[in-house]
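Understanding the architecture of this molecule
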Amino acid sequence: MRKVAVVGAGMTKFMRRAHETGKELAWETSRMALDSCDLTLKDVDCVVMGTAPDAFDMIHMKHEYLSDGAGAWRKPYVRGFLGGGTGVFTACQAWYHVASGLFDVCLAVSEEKMSSCLPHPQGAFVTCWDQFTESPLGTSLLWFFAWEMNRYMHAHGITEREIALVSVKNKKNAIEHPCAQLPGEITVDDVMNSEIMAWPVKRLDVSPTSDGAAVLVFAAEDVAKRITDKPVWVEGAGWCLDTMYIGQRDLYYPKYVEYAARMAYDMAGIKEPRHEIDIAEPYDPFSYKELHNAEGLLLCGKGEAAKLTVDGETQRTGRQPWCPSGGALGVGNAIAATGVMKVAELFWQLRGEAGGRQVPGKPRRGVAQAWGDEMQVGTVIVLGV
Amino acid sequence: MPVDKITQVSQTKPWHGQIPVYGQYTYGIAGERFFREIKANGRIMGAKCSSCNLTYVPPRIYCERCFSELTEWLQIPDRGAVHTFTVSHVDLDGNRLDEPLIVAFVEFDGVHGGIVHRLGEVEPDQVYIGMPVEMRLKSKAKRTGSILDISYFKPIRV
Amino acid sequence: MNEKVKVWPGTPLSEKDIIEKRVLFTEWEPNLKYAWDAGVGYGGYFAGLKEGRIVGTECAKCRRVLLPARAFCEWCFRTVDRWVQLNDTGIVNTFSVAYTGTAAERLKDPLVPALIEIDGSGGVAIMHLIRGGDPWKVKIGMKVKAVWKPKGKREGSINDIEYWKPV
């Protein structure tokens, strides 16, 4: 396999509702990413598209709809789909398009326009669940997260207040993000006193629905070295799916994230992730998920993530900065675009270009992860300089 | 009933369901301007890419070929020609229509793309590919900023 | 990068822009209805529920109970070997006190959706609702029992069990 680097990135503001159409968002961002590395559409050999369920944009086969804005005109073009895990997988997919030797430059585009789906995108999940044993119960998407969070707290004796600290941290980190939808200074009490959605999940434990796009440019080693003196190398990639039967996996620990992480770490030659990784962007659509996913990423032992958070180790200035971007909780959750935003954050951090969000101490290696499908897929990418 | 004997889905006991959502779509940057021009001024606009020498209808804010931003907008003549057409006798749900609907792709001179719309004031057997047509608008008071602000395209003599 | 970019793309709209129609938009409601067939495994599962029994299948190779009943084992990738009848009692694996329904609408009275480990299944859980008693007194590990619909009203559906009550 060839060495592959990320050489450019772009993103839109994440917002509750964008005036732009999805394809206009895709174009603005794709052009921005290409401009950032002085490439043009002519230099792009292939395009990969990451975008979550069609029902969110209420456009069936939306990858086709988005194709012209993504620069796919008369190019090899494909959409990879892993539900909420799509964003980071889009980066993985772009990587193997180039690593395989088939293409030298790949544009990885992600877009989401969830504001089109009313009364709420959650309604679109009714046809994702089992039509026979789950949907007839009047199932809500939030119940799945509530079950998992409850099980996670129960297994390790973790409290809601400890978990609330993730929301507090990420929304604060997002203050420095120019594209953030929900930045702010909130307290643990604010989270605890916010509306109960599906206990133990409260309103401020939940990331917002968002419109937005994010794009990365991947290039083979020779191209990367020619166009930039700061390539950020893809060191490893991994993805893994668990059983879709929620009653036949234990919710307290995301084994599938661990398997995906091990695939990526083996490729990167990482033996002790907690010591060898400087920054992490675990997927945080809910506050507990950052902890849950960080444990799956082997960044700490099972049940230890809450303590690291309480001790401030996961702050931007801490020993293990998690979600220095502000994450889905602070920047917004434009599903696939959030996954790509996390990879873009690693790109900017490792190049020392993250502005007010810059993690001190010149981080050299980072991991980004997303999670989704029927809440049982893990997608992982490791970048380094 | 043995599974291999089922030939009609209606013979089984299926679980029924619907997807309880609807779509609300903003027209976007290019769409907003395009439809407001039709609504206010009754004219079709295109967006021109000078480097690729293409004029897009409906207009876009970018050229899909060279990715440059399109800022040059120009009015398209409201006369075009039938590029292709179909005569539809069924609606979206497969029900027979009382009156067949003639739907055409209308192309315009010097334009990349065109407009999908209905044809009116013409019998199905009179329509042909290449037939010159002209836009018929709803009265200004009835226009809402929608593709249906155009009533239909009708044949003209040239 | 972050310093170089002056204006990040994207034009946020407010709720007011839509309500007051400051921007153009259009709406569409899908006119689609789906009909799904239960298939072989679930077909047997629902036939069991209609008779007031919870049935699973067993894979003789990995000795696992599959619940809801399925026609094949995804681990061993082979057909299942036999049907097994399980008890209609279990313990709460996890639960929520939920104020949200399917489309994120708010519920005045909360539901208690739970995963219930069915006795005799080796810890396999099914999704259902707990009722009867104070929602806030439900605990992980609590014993529960199925409350069935009267025989004449069962139709071979997951809702043939009305709910699970603490015992």
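As shown above, the structure is provided for reference.
Analysis parameters
Residues numbered from 1 in each chain as written. Chains lettered and ligands numbered in written order. Predicted model: local features only at pLDDT ≥ 70, side-chain atom pairs only at ≥ 80, totals over all residues. Heavy atoms only, no water. Helix = DSSP H or I, 4+ residues; strand = E, 2+ residues; numbered from the N terminus. Rg over C-alpha atoms; globule rule 2.2 N^0.38 Å. Buried < 20%, exposed > 50% of the residue type's maximum accessible area, 1.4 Å probe, protein only. Areas by Shrake-Rupley, 256 points an atom, 1.4 Å probe, with all protein chains shown as cover. Contact = heavy atoms within 4.5 Å. Buried area = accessible area lost by both parts, 1.4 Å probe. Salt bridge = Lys/Arg side-chain N within 4 Å of Asp/Glu carboxyl O. Polar contact = N/O pair within 3.5 Å; in protein donor to acceptor, adjacent residues only side chain to side chain. Nonpolar A, V, L, I, M, F, W, Y, C, P; charged D, E, K, R; others polar. Pairing = 2+ DSSP bridges. Axes fitted to C-alpha atoms, helices over the stretch in contact; angles between N-to-C directions. Expected span 1.5 Å × (residues − 1). Patch = residues over 30% accessible without salt bridge, like charges linked within 9 Å, V, L, I, M, F, W, Y side chains within 5 Å. Lys, Arg positive; Asp, Glu negative; His and termini not counted. Charge placed at Lys NZ, Arg CZ, Asp CG, Glu CD. Parallel < 35°, antiparallel > 145°, perpendicular 65-115°, else oblique. Left-handed = near helix turned anticlockwise from the far one by under 90°.

1. Concerning the overall build of chain A
Within chain A, the regular secondary structure consists of 14 helices and 12 strands. Here the C-alpha atoms of chain A give a radius of gyration of 19 Å, agreeing with the 21 Å that 2.2 N^0.38 yields for 385 residues. Here chain A holds 385 residues, and 71% of them are scored as buried. Of the accessible surface of chain A, which amounts to about 11,400 Å², a share of 51% is contributed by carbon and sulfur atoms.

2. A short note on the interface of chain C and chain B
Accessible area lost when the parts come together is the quantity often used to give the size of an interface. Each side of the interface is counted separately: chain C has 25 residues, and chain B has 24 residues. The contact between chain C and chain B buries some 2,100 Å² in all, and 57% of this surface belongs to carbon and sulfur atoms. The tally of links from chain C across to chain B stands at zero salt bridges. Our count for the contact surface shared by chain C and chain B stands at nine residue pairs in polar contact (both at pLDDT 80 or more). Sorting the residues of the side of chain C that touches chain B by element identifies strand 1 (25–28), strand 2 (34–36) and helix 2 (39–50) of chain C as the ones contributing at least two each. In terms of residue count, strand 1 of chain C provides more of the side of chain C that touches chain B than any other element does, four residues in total. Considered class by class, the residues forming the side of chain C that touches chain B number 14 nonpolar, five polar and six charged. Alignment of strand 2 (residues 22–26) of chain B against strand 1 of chain C, held across four bridges, turns out to be antiparallel. Residue pairing for strand 1 of chain C: glutamine 24 of chain B is matched across the bridge by glutamate 27 of chain C.

3. Focus: the sheet that holds strand 12 (residues 377–384) of chain A
Residue and element names in this part refer to chain A. A sheet is described by the order of its strands in space; here nine strands give the open sequence 3-2-4-8-1-9-12-11-10, paired in mixed fashion. Edge positions in the sheet fall to strand 3 (77–79) and strand 10 (279–281), since each of these pairs with one other strand and no more. If you compare each strand with its neighbour and ignore which way they point, the axes differ by 25° on average.

4. Looking at helix 6 (residues 160–173) of chain A
All names here are of chain A. In this model helix 6 runs 20 Å from its N-terminal to its C-terminal C-alpha over 14 residues, within 8% of the 20 Å that 1.5 Å per residue would give. Counting buried positions over the 14 residues of helix 6 gives 10, a clear majority of the element. When helix 6 is considered as a whole, its buried residues turn out to be Glu160, Ile163, Ala164, Val166, Ser167, Val168, Lys169, Asn170, Lys171 and Asn173.

5. Let's talk about the sheet that holds strand 7 (residues 82–86) of chain C
Residue and element names in this part refer to chain C. The sheet built from three strands is open, its strands ordered 4-3-7 with antiparallel pairing. Each of the sheet's edge strands pairs with one partner strand only, and the pair in question is strand 4 (64–66) and strand 7. Going across the sheet, the axis of each strand differs from the next one's by a mean of 45°, ignoring polarity. Here five bridges tie strand 3 (residues 54–59) to strand 7, and the two strands are oriented antiparallel to one another. For glutamate 58, the partnering residue across the bridge sits in strand 7 and is arginine 82. Against the sheet, helix 2 makes contact with strand 3 and strand 7, and its axis sits at roughly 145° relative to strand 3, the strand it touches most.

6. Section: a negative patch on the surface
Residues Asp98, Glu99, Glu123 and Asp125 of chain B make up a contiguous surface patch of negative charge. Considering the arrangement of structural elements, one finds glutamate 123 of chain B in the loop between strand 9 (115–118) and strand 10 (132–137).

7. Comments concerning the packing of helix 9 (residues 255–268) of chain A against helix 11 (residues 287–296) of chain A
A pair of packed helices is characterised by two quantities: the angle between their axes and the separation of those axes. Residues and elements named next belong to chain A. For the pair helix 9 and helix 11, the least separation of the axes is 7 Å and the interaxial angle reads 50°. One finds that helix 9 runs oblique with respect to helix 11. In the crossing of helix 9 with helix 11, the sense of the turn from one axis to the other is right-handed. Of helix 11, the residues touching helix 9 (which contributes Tyr256, Val257, Glu258 and Ala261) are Lys289, Asn293 and Gly296. Grouping the constituent residues of the contact of helix 9 with helix 11 by class yields three nonpolar, two polar and two charged.

8. A look at the interface of chain C and chain A
Tallying the contact residues gives 55 residues for chain C and 57 residues for chain A. Where chain C abuts chain A, roughly 5,000 Å² becomes buried across the two surfaces, and 64% of that area is made up of carbon and sulfur atoms. A salt bridge links glutamate 195 of chain A to arginine 106 of chain C, with the nearest nitrogen and oxygen atoms 2.6 Å apart. Counting across the interface, chain C meets chain A through 26 residue pairs in polar contact (both at pLDDT 80 or more). Mapped onto the side of chain C that touches chain A, the elements with two or more residues apiece are strand 2, helix 2, strand 4, strand 8 (89–95), strand 9 (97–100), strand 10 (106–118) and strand 11 (125–130) of chain C. With five residues, strand 10 of chain C is the largest single contributor of residues to the side of chain C that touches chain A.

9. Notes on the pattern of salt bridges
In this structure the tally under the stated criterion is 40 salt bridges over all chains. Ionic pairing is found between arginine 151 of chain A and aspartate 250 of chain A, a salt bridge with its closest N-O pair at 3.4 Å. Here arginine 151 of chain A, found in helix 5 (residues 141–156), pairs with aspartate 250 of chain A, found in the loop between strand 9 (232–241) and helix 9; they are 99 residues apart in sequence, far enough to count as distant. Arginine 151 of chain A sits in the buried class, given a relative accessible area of 15%. Measuring nitrogen to oxygen at the nearest pair gives 2.8 Å for the salt bridge that ties glutamate 221 of chain A to lysine 225 of chain A. With glutamate 221 of chain A and lysine 225 of chain A both in helix 8 (residues 221–227) and four residues apart, this pair spans about one turn of that helix. Taking relative accessible area as the criterion, glutamate 221 of chain A reaches 27% and is therefore assigned partly exposed. When its relative accessible area of 51% is taken as the criterion, lysine 225 of chain A is described as exposed. Salt bridges sharing common partners tie together Lys23 and Asp68 of chain A together with Arg60 and Glu64 of chain B.

10. As for the environment of alanine 38 of chain C
Locating alanine 38 of chain C in the fold gives a position in the loop between strand 2 and helix 2. Alanine 38 of chain C has contacts with Phe132 of chain A, Trp15 of chain B together with Gly43 and Phe46 of chain C, leaving out every residue within four places of it along the chain.

11. Notes on the packing of helix 5 of chain A against helix 11 of chain A
Residue and element names in this part refer to chain A. Orientation of helix 5 relative to helix 11, taken along the N-to-C sense of each, is 60°, at an axis distance of 11 Å. As helix 5 runs across helix 11, the sense of the crossing is left-handed. From helix 5, Phe145, Glu148, Met149, Tyr152 and His156 reach across to helix 11, where they touch Tyr288, Lys289, Leu291, His292 and Glu295. Tallied by class, the residues present in the contact of helix 5 with helix 11 amount to five nonpolar, two polar and three charged.

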